[in-house]
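# Summary of structural features
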Amino acid sequence: MIPALTNLSIESTLSLDTADFDLSLMLPPIIMPSLRILRITQDYNIIGILDAPLLETLVLHDVALIALYTGQDIHKITPFKNLDTIALLDCRFGPRDIDIESSHFNPLDLPDIILYKLACCAKHLIVSSSNEPSLLESGSNLLHLDEHDWPRLQCITLDLSEFDDLMVYLKPIGSSPRSLTLRVVEPLLEYWKEEEPDALTSLEKVCMLETMEEGDLLMDEYWPAPGGIFQEDGNVEKRIDWDKTIRVRGLLDG
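Scope of this entry: the structure provided in the associated data block. (Residues numbered from 1 in each chain as written. Predicted model: local features only at pLDDT ≥ 70, side-chain atom pairs only at ≥ 80, totals over all residues. Heavy atoms only, no water.)

Let us now look at the nonpolar core. Grouped together as the largest cluster of nonpolar side chains are 67 residues, with contacts concentrated most on Leu60, Ile86, Trp150, Leu158, Ile173 and Leu182. When residues in this core are grouped by element, the largest group, seven residues, is from helix 3 (residues 110-119). (Core = buried A, V, L, I, M, F, W, Y, C linked by side-chain atoms within 4.5 Å. Buried < 20%, exposed > 50% of the residue type's maximum accessible area, 1.4 Å probe, protein only. Helix = DSSP H or I, 4+ residues; strand = E, 2+ residues; numbered from the N terminus.)

Here it is in structure tokens:
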């Protein structure tokens, strides 16, 4: 089935990270020549051994991103060249113990480096978080376009639970050489108009701002796809409310 599989969803509380070894050395690559949509919750290590040249959509949910580092040579990571959308839903940096000396990177930089090398061809970057602090507030520099140029990036969608000083995390977008579309929840835009009008004016010079309402889908494709454990059909025990996870949740009160 693997050669013909185009759509794969993985949900697991038991990942490949059950032993102390370099997965990239111990396990051969899983070649999936037809895979176009990959959704993963919790089981993060599969990305390190996956060869999917046609992958178009990558969704990571509830993943400790520092765990993407499994001892592999960071410089040899191959990007998904056909990637259109990468979505980071309720993801976080860690914690996870790693050998800092052997990695040659600051552990806080590793998630961004790995994600960018995998997803640098993406046209749409989605960050949605109900966690406190959010991924951006935890130190992610994925939106620092002077460090990561994202050559094909056209749209950034943000659905974060807090909005205080969020403009600080968006200022690096101003270094983009291309005009981008920035999608944010409507109350956030109203807050910027009142509290940070100068910063908003600067942002509007480099971005086309679009507003979203609570309940809107974060991406064009409906997710979960019909059938399987990702479908809210009442036939399986529900551990996660997927229908809410892939929709705009908006700001917390206050």
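The next subject is the pattern of salt bridges. For the structure shown, the criterion picks out four salt bridges. One salt bridge connects Glu56 with Arg36, and the closest N-O pair in it is separated by 3.5 Å. Here the residue Glu56 occupies a position in the loop between strand 4 (50-51) and strand 5 (57-61), and Arg36 occupies one in the loop between strand 2 (30-31) and strand 3 (37-41), the gap between them amounting to 20 residues. Accessibility expressed as a relative area gives 32% for Glu56, which makes it partly exposed. Note on Arg36: relative accessible area 33%, which makes it partly exposed. Across the pair Glu190 and Lys193 runs a salt bridge, and its minimum N-O distance is 3.6 Å. Here Lys193 and Glu190 lie together in helix 5 (residues 186-195), a separation of three residues that amounts to about one turn. Look at Glu190 and you get partly exposed, because its relative accessible area is 35%. (Salt bridge = Lys/Arg side-chain N within 4 Å of Asp/Glu carboxyl O.)

The next subject is helix 5. The α-helix advances 3.6 residues per turn, and as a result positions three or four apart in sequence lie on the same side. The complete set of buried residues in helix 5 reads Leu188, Leu189 and Trp192. Seen from one end, helix 5 has its buried residues packed into an arc of 100°, which puts them on one side. (Arc of directions from axis to C-beta.)

Two elements in contact, helix 5 and helix 6 (residues 197-206), have axes separated by 6 Å at closest approach and are oriented at 120°. Considering the angle they form, helix 5 stands oblique to helix 6. For the pair helix 5 and helix 6, the contacting residues are Leu189, Trp192, Lys193, Glu194 and Glu195 in the first and Pro197, Leu200 and Leu203 in the second. In terms of residue class, the contact of helix 5 with helix 6 is made up of five nonpolar, no polar and three charged. (Axes fitted to C-alpha atoms, helices over the stretch in contact; angles between N-to-C directions. Parallel < 35°, antiparallel > 145°, perpendicular 65-115°, else oblique. Contact = heavy atoms within 4.5 Å. Nonpolar A, V, L, I, M, F, W, Y, C, P; charged D, E, K, R; others polar.)

Before going further, it helps to examine unusual backbone geometry. In this model, Asp90 sits at a positive phi of 55°, which is unusual for a non-glycine residue. With respect to the helices, strands and loops of the structure, Asp90 is situated in the loop between strand 6 (85-89) and helix 2 (100-103). Its identity is not glycine, yet Trp150 carries a phi of approximately 45°, on the positive side. In this fold, Trp150 is placed in the loop between strand 7 (124-129) and strand 8 (155-160). Judged by its relative accessible area of 1%, Trp150 is buried.

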